[in-house]
Amino acid sequence: MAHADLRDAILGSAKLRGAALDNARLSNTSLSGAAANGTTFTDTDFRGADLSRACFVDADFRRARLREAV
């Protein structure tokens, strides 16, 4: 899902294990309760995203924009 535009999406309880979300736009997206183990988030935009209760074991956040994420 490289370059995916998921702004304002609700992805709670989604199983994103091993997905590649490189260069994706996740601004204002809710990932609360999502499982994203082993997911790649290189250059992904998380500004304003809700990351509470999400699971990111072994996830790769290289150059991800996480400021302003909750």
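Structure shown above.
Quick caveat: nothing in here was measured; it's all calculated off a predicted structure.

Rules used in this analysis
- Residues numbered from 1 in each chain as written.
- Predicted model: local features only at pLDDT ≥ 70, side-chain atom pairs only at ≥ 80, totals over all residues.
- Heavy atoms only, no water.
- Core = buried A, V, L, I, M, F, W, Y, C linked by side-chain atoms within 4.5 Å.
- Buried < 20%, exposed > 50% of the residue type's maximum accessible area, 1.4 Å probe, protein only.
- Contact = heavy atoms within 4.5 Å.
- Polar contact = N/O pair within 3.5 Å; in protein donor to acceptor, adjacent residues only side chain to side chain.
- Phe/Tyr/Trp six-rings, centres within 6.5 Å; stacked < 30°, edge-to-face > 60°.

Peer 1: Which residues make up the nonpolar core, and what values do they have?
Peer 2: Core analysis: the biggest nonpolar cluster contains 20 residues, and L6, L11, L16, L26, L31, F41 and F46 have the highest contact counts within it. Ignoring anything within four residues of it in the chain, the contact list for L31 reads L11, L16, L26, F46, D50, L51, S52, A54 and F56.

Peer 1: Can you explain the environment of V57? Please cite residues and give values.
Peer 2: Looking at V57, the relative accessible area reads 45%, which means it is partly exposed. For the pair V57 and A14, spaced 43 residues apart in the sequence, the C-alpha separation amounts to 15 Å. When residues no more than four places from it in sequence are discounted, the contact partners of V57 are N37 and G38.

Peer 1: Give a detailed account of the environment of S52, specifying residues and quantitative values.
Peer 2: We classify S52 as partly exposed; its relative accessible area is 27%. Note: C-alpha distance between S52 and A9 (43 residues apart in sequence) is 15 Å. Filtering out sequence-adjacent residues up to four positions away, S52 remains in contact with L31, S32, G33 and V70. A distance of 2.6 Å separates polar atoms of two side chains, one belonging to S52 and the other to D50.

Peer 1: Which residues make up the packing of aromatic side chains, and what values go with them?
Peer 2: Overall, the coordinates contain five aromatic pairs when judged by the stated rule. Both rings, one in F41 and one in F46, keep their centres 5.2 Å apart while their planes meet at 65°; by these two values the pair is edge-to-face. Judged by its relative accessible area of 0%, F46 is buried. Note on F41 and F56: the rings are 5.8 Å apart at their centroids and 75° apart in plane angle, and the pair reads as edge-to-face. Accessibility expressed as a relative area gives 0% for F41, which makes it buried.

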